[in-house]
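A closer look at the structure
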Amino acid sequence: MNRETYIRLMDWGNADQKRIRGIYLLNQLVTYIIYIAYPALALYLFMERDKRLWKIVLVPGVSFLLVSVFRAVYDEKRPYVAFDYKPVIQKEKKGKSMPSRHVFSAMILSAAFFYIVPASGIFMFVCALLMCVGRVLAGVHYPKDVLVGALLGLGMGLVGFYVL
């Protein structure tokens, strides 16, 4: 993404307070839905003594650590730093933009839900897609950051839940 495209996108997002609030609320809502539903799923599986619990915990956990290490080593600048612009969601981080861990986590957790109850996985996948859009419109990630995060999340989810 070049500077002009980023500035146009951010100018659209920052055009009025309703739009800013909508982008912010979209990010918050889908984040809360995903991160509240996941512990509820794990608790349900624990109470049911379901043997799939270990996969639901280990696959996202190990994958998250691997992505975090890659992200720390790669350490790409955030778009608001690279283009010197104020994002909709205020962040202090200067780097570690690629891949988006929010999107990665949302996608791998949607795969976890799909593994247990496919209908809930589809709902969580839609939430993860909304998060992709929201993270870019909020100015905290480039489109490639969310695309790579989404593909890694889905890929690691597929391997972890269906291959291993």
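This report concerns the structure included in the present document.

About the cut-offs
- Residues numbered from 1 in each chain as written.
- Predicted model: local features only at pLDDT ≥ 70, side-chain atom pairs only at ≥ 80, totals over all residues.
- Heavy atoms only, no water.
- Core = buried A, V, L, I, M, F, W, Y, C linked by side-chain atoms within 4.5 Å.
- Buried < 20%, exposed > 50% of the residue type's maximum accessible area, 1.4 Å probe, protein only.
- Helix = DSSP H or I, 4+ residues; strand = E, 2+ residues; numbered from the N terminus.
- Contact = heavy atoms within 4.5 Å.
- Expected span 1.5 Å × (residues − 1).
- Arc of directions from axis to C-beta.
- Patch = residues over 30% accessible without salt bridge, like charges linked within 9 Å, V, L, I, M, F, W, Y side chains within 5 Å.
- Areas by Shrake-Rupley, 256 points an atom, 1.4 Å probe, with all protein chains shown as cover.
- Salt bridge = Lys/Arg side-chain N within 4 Å of Asp/Glu carboxyl O.
- Polar contact = N/O pair within 3.5 Å; in protein donor to acceptor, adjacent residues only side chain to side chain.

**A word on the nonpolar core**
In summary, soluble globular proteins display a tendency toward joint burial of nonpolar side chains. In terms of nonpolar packing, the biggest core is built from 29 residues, with Ile34, Ile56, Val103 and Phe161 touching the most fellow members. Here this core gets eleven residues from one element, more than from any other, and that element is helix H5 (residues 101-116). With residues up to four places along the chain from it excluded, the contact list for Ile56 reads Tyr38, Leu41, Leu45, Ala112, Tyr115, Ile116 and Phe161. Counting 13 residues, the second-largest nonpolar core is a separate cluster that includes Met10, Ile20, Phe83 and Leu137.

**A look at unusual backbone geometry**
Of note, the bond from Met98 into Pro99 is cis; its omega dihedral lies within 30 degrees of zero at -5 degrees. For Pro99, the location among the structural elements is in the loop between helix H4 (79-82) and H5. The backbone phi angle of Arg49 is positive, close to 55 degrees, even though this residue is not glycine. Inspection of the secondary structure puts Arg49 in the loop between helix H2 (17-47) and helix H3 (53-74). Given a relative accessible area of 73%, Arg49 falls into the exposed group. Positive phi values are uncommon outside glycine, yet Lys96 reaches one of about 55 degrees. Given a relative accessible area of 37%, Lys96 falls into the partly exposed group.

**A few points about helix H7 (residues 143-163)**
Look at H7: 29 Å from first C-alpha to last across 21 residues, which is about the 30 Å you get at 1.5 Å a residue. The complete set of buried residues in H7 reads Asp145, Val146, Gly149, Ala150, Gly153, Gly157, Gly160 and Phe161. For H7, the buried positions fall inside an angular range of 125 degrees around the axis, keeping them on one side. Across H7 from its buried face, at more than 90 degrees, point the exposed residues Leu147, Leu151, Leu158 and Val163.

**Here we look at the environment of Ala42**
By the element assignment, Ala42 lies in helix H2. Taking the C-alpha atoms as reference points, Ala42 and Leu53, eleven residues apart in sequence, are found 6.3 Å from one another.

**Describing a nonpolar patch on the surface**
Judged by side-chain polarity, Phe114, Ile122, Val126, Leu130, Leu158, Val159, Tyr162, Val163 and Leu164 come together as a nonpolar surface patch covering roughly 880 Å² of accessible area. When contributions to the nonpolar patch are tallied by element, the ones reaching two or more residues are helix H6 (118-137) and H7. Counting residues per element, the nonpolar patch draws most heavily on H7, which supplies four residues. As for its placement among the helices and strands, Val163 is situated in helix H7.

**As for the side chain of His141**
The topology assignment puts His141 in the loop between H6 and H7. Using a relative accessible area of 3% as the deciding quantity, one classes His141 as buried. From its side chain, His141 meets the backbone oxygen of Ser97 in a polar contact 2.8 Å long. At a separation of 3.4 Å, a polar atom in the side chain of His141 contacts the side chain of Ser100.

By themselves these figures say nothing about function.
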